[in-house]
Amino acid sequence: MSDHSEELDGLPLFWREAPAPAGVTGAPVLYLHGVPESSDAWLAFLERTGGLAPDLPGFGRSGKPGSLLYTIAEYEGFLERFLTQRGLERVSLVVHDWGAVGLAFAQRHPERIERLVIINAVPFLPGYRWHRIARIWRTPLLGELAMGTGNLRTLRFLSREINATPGPMPEAWLQSVLDHFDQGTQRAILRLYRSSPPEVLAAAGARLGLLGMPALVVWGMRDAFLPARFGQDYAEALPDAELLELSDAGHVPWLDRADVVDRVVSFLNAASG
């Protein structure tokens, strides 16, 4: 696995890249992380499948300028330019949480997606209402005040809701988040959530039915932020989707169930069969 730092549109861009294992001949895998994570989230997957995992603008080690709006549409454009820069015409796509912005790109360019994996992703579907923490972030002033309390103690307390395993999230996850949770990331989070009311989310997934490639929807049923029914809704919206519901996993299911990595790897590698 190698780390890369270049510029895209004049802004710093960081991504991780790993070669595909011997015998794997499908399209490279593009992994898109959620909030408030970075490409660190995908290390266990990259080691098994190869592929690329960028730090999205506003997160991790990539640029976090105040000039960006951090909207779904803006991220869609970033992904198109990133793939063009890397010379990639076709990828398999794996999204988690706000990595769902990749679905906007996929709906515009379905021919460029070989296989699709959706893991507890923000619902680009009708009927979703933001969870408690998101409602705070979406509220002017209150969101800024909440961001100001970000420290290890607070994150450890709040993260008890993220996983199904008793206790807070693993220390490595907590530290990875805090290492990059600066003012730029805080601003990106607030703008992203404030630009995405329920009607915008539903509109962003209006063409999911165009995504006819093989798809796998993995859903931790004990997700405190994204209700269990949205895993089924995603699977029903996609023409060729398999649904894997995990009753003993939360918002980041592979941290509760290590075999999730095996299941996703098996699905992605099936393209080489």
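Look a little higher up for the structure.
Just so it is clear, the structure is predicted and the values come from calculations on it, not from any experiment.

(A) Here's a closer look at the nonpolar core. Counting residues in each nonpolar core, the largest one holds 90 residues, and the members touching the most others are Trp98, Leu116, Ile118, Phe124 and Tyr234. If sequence neighbours within four positions are ignored, Phe124 has contacts with Ile72, Trp98, Ala100, Val101, Leu103, Ala104, Leu201, Ala202, Ala204, Gly205, Leu208 and Tyr234.

(B) Focus on helix α7 (residues 171-179). Along α7, the residues classified as buried are Trp173, Leu174, Ser176 and Val177. On an axial view of α7, the arc spanned by its buried residues comes to 165°, and they lie on one face. Exposed side chains of α7 directed beyond 90 degrees from the buried face belong to Ala172 and Asp179. Residues of α7 that are buried make contact with α6 (152-158) and α11 (253-256).

(C) Structural context of the side chain of Ser38. Looking at the element boundaries, Ser38 is found in the loop between β3 (29-32) and α1 (43-49). Overall, the relative accessible area of 3% leaves Ser38 in the buried class. When near neighbours in sequence (up to four residues on either side) are disregarded, Ser38 contacts His33, Asp55, Gly60, Arg61, Ser176 and His180.

(D) Examining the packing of aromatic side chains more closely. Per the stated rule, a full pass over the model turns up 16 aromatic pairs. The interplanar angle of 50° and the centroid separation of 6.2 Å between the aromatic rings of Trp219 and Tyr234 together place this pair among those described as tilted. One end of the pair, Trp219, is in strand β7 (residues 215-220); the other, Tyr234, is in helix α10 (residues 229-237), and 15 residues separate them in sequence. According to the relative accessible area criterion, Tyr234 is buried, its value standing at 0%. Positioned above the aromatic ring of Phe14 is the side chain of Arg61, whose terminal nitrogen or guanidinium carbon lies 4.6 Å from the ring centre. Just above the ring of Phe267 sits the side chain of Arg115; from NZ or CZ to the centre is 4.2 Å.

(E) Examining the pattern of salt bridges more closely. Counted under the stated rule, the structure contains 17 salt bridges. The closest approach of N and O atoms between Arg156 and Glu171, which form a salt bridge, is 3.0 Å. A residue pair is termed long-range when its members are at least 10 positions apart, and Arg156 in helix α6 and Glu171 in helix α7 qualify at 15 residues. Linking Arg229 and Asp233 is a salt bridge whose minimum nitrogen-to-oxygen distance equals 2.8 Å. With Arg229 and Asp233 both in helix α10 and four residues apart, this pair spans about one turn of that helix. A residue is classified by how much of its surface remains accessible, and Arg229, at 42% relative accessible area, is partly exposed. For Asp233, a relative accessible area of 22% puts it in the partly exposed group. By sharing partners, the salt bridges in this structure join Asp3, Arg16, Asp40, Asp55 and Arg61 into a single network.

(F) Examining the pairing of strand β1 (residues 2-8) more closely. Inspection of the sheet shows β1 paired to strand β2 (residues 11-18) by seven bridges, in the antiparallel sense. Each residue of the ladder has a partner; that of Leu8, found in β2, is Leu11. The turn linking β1 back onto β2 is made up of two residues, and Asp9 within it adopts a positive phi angle of 55°.

(G) Local environment of a nonpolar patch on the surface. Taken together, Leu141, Leu142 and Leu145 make up a surface patch of nonpolar side chains, about 310 Å² in accessible area. By the secondary structure assignment, Leu145 is in helix α5 (residues 142-147). Taking the relative accessible area as the measure of exposure, Leu145 reaches 53% and is therefore exposed.

(H) Seen up close, the side chain of His96. With respect to the helices, strands and loops of the structure, His96 is situated in strand β5 (residues 91-97). At a separation of 2.8 Å, a polar atom in the side chain of His96 contacts the main-chain carbonyl oxygen of His251.

(I) Focus on the environment of Leu46. Assignment of secondary structure puts Leu46 in helix α1. A relative accessible area of 1% places Leu46 in the buried class. Setting aside anything within four residues of it in sequence, one finds Leu46 in contact with Met1, Arg16, Ala18, Tyr31, Gly51, Leu52 and Ala53.

Conventions and cut-offs
- Just so you know, the residues in each chain are numbered from 1, in the order the chain's sequence is written.
- Selection of residues for local features in this predicted model requires a pLDDT of at least 70, selection of side-chain atom pairs for listing and counting requires 80 or more, and totals for whole chains, interfaces and linings are taken over all residues.
- With hydrogens and water set aside, each side-chain value is computed from the structure's full complement of heavy atoms.
- Among buried residues, the Ala, Val, Leu, Ile, Met, Phe, Trp, Tyr and Cys ones that are joined through side-chain atoms within 4.5 Å form a nonpolar core.
- Per-residue accessibility, obtained with a 1.4 Å probe over protein chains only, is compared with the maximum for each type, and a residue is labelled buried under 20%, exposed over 50%, and partly exposed between these values.
- The contact criterion used is simple: two residues touch if any of their non-hydrogen atoms lie within 4.5 Å.
- Numbered from the N terminus, helices here are DSSP runs of H or I no shorter than four residues, and strands are runs of E no shorter than two.
- The directions from the helix axis to the C-beta atoms form the arc being described.
- The aromatic pairing rule takes the rings of Phe, Tyr and Trp, using the six-membered ring of Trp, and pairs them if the centres are within 6.5 Å, calling planes under 30 degrees apart stacked, those over 60 edge-to-face and the rest tilted.
- In our convention, an over-ring charge means Lys NZ or Arg CZ found within 6 Å of a ring centre and within 35 degrees of that ring's normal.
- Any carboxyl oxygen of Asp or Glu within 4 Å of a side-chain nitrogen of Lys or Arg constitutes a salt bridge here.
- We treat two strands as partners when DSSP finds at least two bridges between them.
- A patch is a set of surface residues, each over 30% in relative accessible area and not in a salt bridge, joined within 9 Å for like charges and within 5 Å for the nonpolar side chains Val, Leu, Ile, Met, Phe, Trp and Tyr.
- Shrake-Rupley sampling with a 1.4 Å probe provides the accessible areas, and residues are treated as covered by the protein chains on show and by no other component.
- For the purposes of these results, a polar contact is taken to be a pair of N or O atoms within 3.5 Å, where, inside protein, one atom must be able to donate a hydrogen and its partner to accept one; residues adjacent in sequence count only when each atom of the pair is a side-chain atom.

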